[in-house]
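# Examination of the molecular architecture
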Amino acid sequence: MPKVSVILTSFNKHEYIAKSIQAILDQTYQDFELFIMDDNSNSETLAVIEPFLSDKRVKFFKSNIQTMEERVEKTRYAVLINQALQLAEGEYVTYATDDNVYNRRRLEKMVGYLEQHPKVMVVYSASQTRYLNEMKEITHSITRPARTISWLAPCMTDHCSVMHRMSILPQIKKAFGSYWDEDHQFYRLGDARFFWRINHFWAFYPINEVLDENYITPKSIHAQLFNDSPNQFSKLLPPQRTCKELREYLRALRRRDEG
Ligand code: TYD
Ligand code: MG
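These figures come from a predicted structure and were not determined experimentally.

## Concerning the environment of Gln 22
By secondary structure assignment, the location of Gln 22 is in helix H1 (residues 17-25). With a relative accessible area of 33%, Gln 22 lands in the partly exposed category. Between the C-alpha atom of Gln 22 and that of Arg 76, which follows or precedes it by 54 residues, the distance is 23 Å.

Here you go:
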């Protein structure tokens, strides 16, 4: 059985996804399986993914989502991740997206940390986020540090910068009924919502090194939701729940536990 299960979600990012997949396959740490969970992308994107499928580490699944109505009914990447988690065999789980590029030593460093710290359940790293315009030029870039042991992970880190033990999942499911929350009120904050669940029980431990680069493109969910002229996708979604709400809830939980 592989030590690490990497779960990559994909939808229509043909310009970026090859780089994302290649960076995973080229890791210095090689004992992993890679789930490529595609949400029925266009043929351009599927053509880019296809050459990678002969790699024995790659497990490919494609949904059969057809309409925009189906696409907004649930937080799609949460649905795909939950499907992959049912099949994943690793001792550790980590996530990727089709617009994120892992540093070559990301798995090595995160696995190393968890191996050295048996009581730590979740580790996160610093990351670099680059914002791209329509011409794929970088308009600005921010580094997200990973300095503190965090009981407030929602909206402080992204799921592409996290690795957790598989063994946390039964407790999450018992407490909340599922692993990732598929509720479409959290489409914008799906990972923050998952971290909110984790933070009920466990803290996130830092590796303060940039171990991935994240790209926000005009197609990103974030960009679509904050666009001045809402498109069909953002119009069909319900009002999105907020970082503030998730973080305030966790703060109150901590105060109660400490008080
Ligand atoms: P992305 O557009 O990169 O959003 P952001 O970076 O602003 O959070 O989408 C995040 C992930 O969701 C990406 O890996 C693809 C996946 N996704 C689906 O699986 N199905 C969908 O219908 C959409 C819109 C996204
Ligand atoms: Mg993205």
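Having seen it, we continue.
## Quick look at the packing of helix H6 (residues 169-176) against helix H7 (residues 190-199)
For the pair H6 and H7, the least separation of the axes is 10 Å and the interaxial angle reads 95 degrees. Judged on the interaxial angle alone, H7 and H6 are roughly perpendicular. Of H7, the residues touching H6 (which contributes Leu 169, Ile 172 and Phe 176) are Phe 194, Trp 196, Arg 197 and Ile 198.

## Considerations on the nonpolar core
One broad rule of soluble globular proteins: the nonpolar side chains tend to lie buried together. Core analysis: the biggest nonpolar cluster contains 34 residues, and Ile 7, Leu 85, Tyr 95, Trp 180, Ile 198 and Phe 204 have the highest contact counts within it. When contributions to this core are tallied by element, the ones reaching two or more residues are strand S2 (32-38), helix H4 (76-87), strand S4 (92-97), strand S6 (122-132), H6 and H7. Looking at this core, the element that brings in the most residues is H4, giving 6 residues. Other than its neighbours up to four places away in sequence, Ile 198 contacts Val 122, Ile 168, Ile 172 and Phe 204.

The rules we used
Residues numbered from 1 in each chain as written. Chains lettered and ligands numbered in written order. Predicted model: local features only at pLDDT ≥ 70, side-chain atom pairs only at ≥ 80, totals over all residues. Heavy atoms only, no water. Helix = DSSP H or I, 4+ residues; strand = E, 2+ residues; numbered from the N terminus. Buried < 20%, exposed > 50% of the residue type's maximum accessible area, 1.4 Å probe, protein only. Axes fitted to C-alpha atoms, helices over the stretch in contact; angles between N-to-C directions. Parallel < 35°, antiparallel > 145°, perpendicular 65-115°, else oblique. Contact = heavy atoms within 4.5 Å. Core = buried A, V, L, I, M, F, W, Y, C linked by side-chain atoms within 4.5 Å.

From the geometry alone we can't say anything about function, so treat these as descriptive.
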